[in-house]
Amino acid sequence: MGSRTQSNKKVWFTCTYVPLEIIWAAGYTPQRVIGNEELCLHPDSLLSRNLCPYVHSVMRTWNENHKEEESSEKRDHLVITNSCDAMKSLYNTLKLKYPPIHLLTVPHHNRKEAVNFFAQQLENLYSSLKGKREKNPYPDLRSAISLYQRIYHLLEKIRNQVGETIDYVRFYELKQEVFQSPPQQALARLSSFWEKHPQGEDGSISSDSKFPVALTGSPIPGKNILSLIQDCGFHISLNDSCLDYRWGPFGEKMSAYKNPFLALSQIYLNKIPCARMATRKEEIEKQAQMMDKSFKAIIHMRMPFCDLYGLDLVDWLKRIRKEKILPLETDGSQQSLAQVKTRVQAFAEALSQKKQKGKTATRTIDRIQKYYCGIDIGSSTVEGVILSSSGKILVHGIEKTGPYAGKTALQVYKNILRDAGLNEKDLSLVVSTGYGRETPPFPHQSITEITCHAYGIRHLFAQVRFVIDIGGQDSKVIKMDKKGKVTDFQMNDKCAAGTGKFLEVMARTLEMDIQEMSRVDPREGKSVPLSSMCTVFAESEVVSLIGQGYPVPEIIRGLYQAITNRMEGMVRRLGLSEPLAVTGGGALNQALVSSIENRLGISAHVPEYPQIVGAIGASILARERHQS
């Protein structure tokens, strides 16, 4: 950069199509504005609530960092791209309050005319940041391009070691650090890291024993989800998500371009494309060919309201078997991590089952009777089961969860031990499941409720291939093969609609208990359709219907119709396999079961105690894991 003094001011940017070289050459330090995960749940009132949570969190992050800056001369710049309608809405909102805000128009393809157009956009951005149009900005820009090319080369060398001597999350943190620093400082940091990594220093670990997975989709703020994915047994061998830095081709010969803006345009429009680019399908095809070589499965993350990556998922499903892809919709917040973890763990368990398919475990049959315990810690109830080594269910117990899930789980555990006439030392293995599976200290292992319900229903009805589980907090549908292994699943845990909690709220609104509601036959008489499945809005709508004089039985039939509409959507997405079973506390409501049967056109198996299926599965898995 010669002797020119670099400004202490920053230029913030929202997208990797904003060239850092332009920002540095203009005299600023690049700083990516990444929406804080804690802000994803609090949409800003200035933006529509029907925009993705990430855009809301970016806006709130920007507001919090710059709320004390009154003069526009003192403010940092912000560069937003036209990557999606949500980002354009963000630009239109912020420019009224926080100049200087810049909109960089990025073409959707990389043809010659697009490269020329983008080069002009980059030159305009450079001039706008400088506050004037320089006669010869080229020396500064060429120097910046050279610096960042060296950074990309070093990062690529380090990336090639991810999974061998470098942990992916550590690499992710390194990238975030590098791209928030002046380039000379970034180069020094990378050189230091590269010197240390072969010896396993600087936070490096081996990922040899983990299942390789590719991560793709829309931006997820923070590293918590990445750590969660690794903790569930995966190694992230490829991160193609929006929040990663998809850099362009290396070794661009600057001498080939009289205009370095043109060189930058060529580099950025030919880098790994995101979902908005016309070349995205070619990239998906290229990555699909890497399947089984570089990675074994895909986790596709999508922010709510992100249409671009919804279409991206469709293109992936055309090329990859459905059971190899986990579609993961999340707002990125801390509160969503438990739901995300259940999905990722269930995906890992299903892939593990497929990996072991065809292998026969050598088991030593111990003739001395052994006992196994399964504890299902749900939002409404806690269930416990003790199983003998012969597969007989000795006892079971059910208690309302209450405000202290761990305490209730311990009480259920003690109760079933007492009822079985056993001591804690008599149990060979205890496995927990359910949303609170990691709460109590006494289980030896925890397994997701997806896998446990599949094993539990297979124990009760060996022929069943499809399960609809209606729990207190969520509903789930599970598809299994003839061996009872999970092949696909869907969960409804974003909303209480279609759950036991939804029915409880509606029963309370109608001033009756669940048992009374269940005596209304959904197949006989008229029903009043509900316009909303949101529990809050549906409750208000039911109150309104009562006020309008509609008969209560017709309202109840409308409620069942609304629930089964939602269930049918989940079932159809997987593809219904027969026979069907309905489990969970919701299966105690015969009217709801009848409504589901009527909608799907088939009869369903319902266990005698449908709430304990997950606990049964956990106890069976405890036995299998102990005996194998």
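The rules behind these values
- The residue numbering used here restarts from 1 in each chain and proceeds along that chain's sequence as written.
- Two thresholds apply to this predicted model, a pLDDT of at least 70 for residue-level local features and 80 or more for giving and counting side-chain atom pairs, whereas whole-chain, interface and lining totals are computed over all residues.
- Excluded from the side-chain calculations are hydrogens and water; all other atoms, namely the structure's heavy atoms, are used.
- Exposure categories follow from relative accessible area, calculated using a 1.4 Å probe and restricted to protein chains: below 20% of the type maximum is buried, above 50% is exposed, and the middle band is partly exposed.
- Numbering of helices and strands runs from the N terminus, with a helix taken as a DSSP run of H or I at least four residues long and a strand as a DSSP run of E at least two residues long.
- The definition of a polar contact used here is a pair of N or O atoms within 3.5 Å, where within protein one atom must be able to donate a hydrogen and the other to accept one, and adjacent residues in sequence count solely through side-chain atom pairs.
- Residue contacts follow a heavy-atom distance rule, with two residues in contact if any of their heavy atoms lie within 4.5 Å.
- The definition of a nonpolar core used throughout is a set of buried Ala, Val, Leu, Ile, Met, Phe, Trp, Tyr and Cys residues joined through side-chain atoms within 4.5 Å.
- A pair of strands counts as paired when DSSP detects no fewer than two bridges linking them.
- Only the contacting stretch of a helix is used when fitting its axis, a line to C-alpha atoms as for every element, and angles between N-to-C directions run 0 to 180 degrees.
- Take the far helix as your reference; a near helix turned counterclockwise from it by less than a right angle gives a left-handed crossing, and one turned clockwise gives a right-handed crossing.
- Only Asp, Glu, Lys and Arg are considered charged in this grouping, and only Ala, Val, Leu, Ile, Met, Phe, Trp, Tyr, Cys and Pro are considered nonpolar; every other residue, Gly among them, is considered polar.
- A residue's pLDDT is the predictor's confidence in that residue, given on a scale from 0 to 100.

**So, helix 19 (residues 590-600)**
Given 3.6 residues per helical turn, the α-helix brings residues three or four places apart onto the same face. Most of helix 19 is tucked away: eight of the eleven residues are buried. Within helix 19, the full set of buried residues consists of Ala591, Leu592, Val593, Ser594, Ser595, Ile596, Glu597 and Leu600. Residue Asn589 occupies the N-cap position of helix 19, its side-chain oxygen lying 3.1 Å from the main-chain nitrogen of Ala591. The first or second residue beyond helix 19 is Gly601, which carries a positive phi of 75°.

**Re the environment of Glu283**
As for its position among the elements, Glu283 is in helix 10 (residues 280-288). For Glu283, a relative accessible area of 9% translates into the label buried. Sequence spacing of Glu283 and Ile272 is eleven residues, and the spatial spacing of their C-alpha atoms is 7.3 Å. When residues no more than four places from it in sequence are discounted, the contact partners of Glu283 are Ile272 and Pro273.

**Remarks on the nonpolar core**
If you look at the biggest cluster of nonpolar residues, it comprises 115 residues, and the most contacted ones within it are Phe234 and Ile299. Considering each element in turn, this core owes the most residues, ten residues, to helix 5 (residues 138-159). In this view, Ile299 contacts Val213, Ala214, Leu215, Thr216, Ile229, Phe234, Leu326, Leu328 and Phe347; residues no more than four positions away in its chain are not counted. Core analysis: the second largest hydrophobic core is formed by 36 residues, Phe502, Leu580, Val582 and Leu600 among them.

**A word on the pairing of strand 11 (residues 393-400)**
Bridge analysis of strand 10 (residues 381-388) against strand 11 gives seven bridges, and the strand direction is antiparallel. Counted as the bridge partner of Ile386 is Val395 from strand 11. Hairpin connection of strand 10 to strand 11: four residues between the antiparallel strands, including Gly391 at a positive phi of 95°.

**As for the packing of helix 4 (residues 112-130) against helix 9 (residues 260-269)**
In contact at an axis separation of 8 Å, helix 4 and helix 9 are set at 115° when each is read in the N-to-C sense. The crossing of helix 4 and helix 9 is right-handed. Counting all contacts with helix 4, which are made through Ala114, Val115, Asn116, Phe118, Ala119, Leu122, Glu123 and Tyr126, the residues of helix 9 involved are Phe261, Leu262, Leu264, Ser265, Gln266, Tyr268 and Leu269. Of the residues assigned to the contact of helix 4 with helix 9, the class counts are eleven nonpolar, three polar and one charged.

**As for the confidence of the model for the protein chain**
Caution is warranted with low-pLDDT regions, since their predicted coordinates should not be read in detail. Per-residue confidence for the protein chain gives a mean pLDDT of 84; residues scoring 70 or more make up 87%. With pLDDT under 50 throughout, residues 199-207 is counted as low confidence; its partners more than four residues away or in other chains account for 19 contacts. Overall, residues 358-367 carries pLDDT values under 50, and its contacts beyond four positions in sequence, including any with other chains, amount to six contacts.

**Quick notes on the sheet that holds strand 7 (residues 297-302)**
Read from one edge of the open sheet, four strands run 6-5-7-8, paired in parallel fashion. The sheet is open, and its two edges are formed by strand 6 (234-241) and strand 8 (325-329), each paired on a single side. Taking the axes of each pair of neighbouring strands and ignoring which way they run, one obtains an average angle of 20° across the sheet. Sheet topology places strand 5 (residues 211-217) next to strand 6; seven bridges connect them, and they run parallel. In the sheet register, Pro212 faces strand 6, and the bridge partner there is His235.

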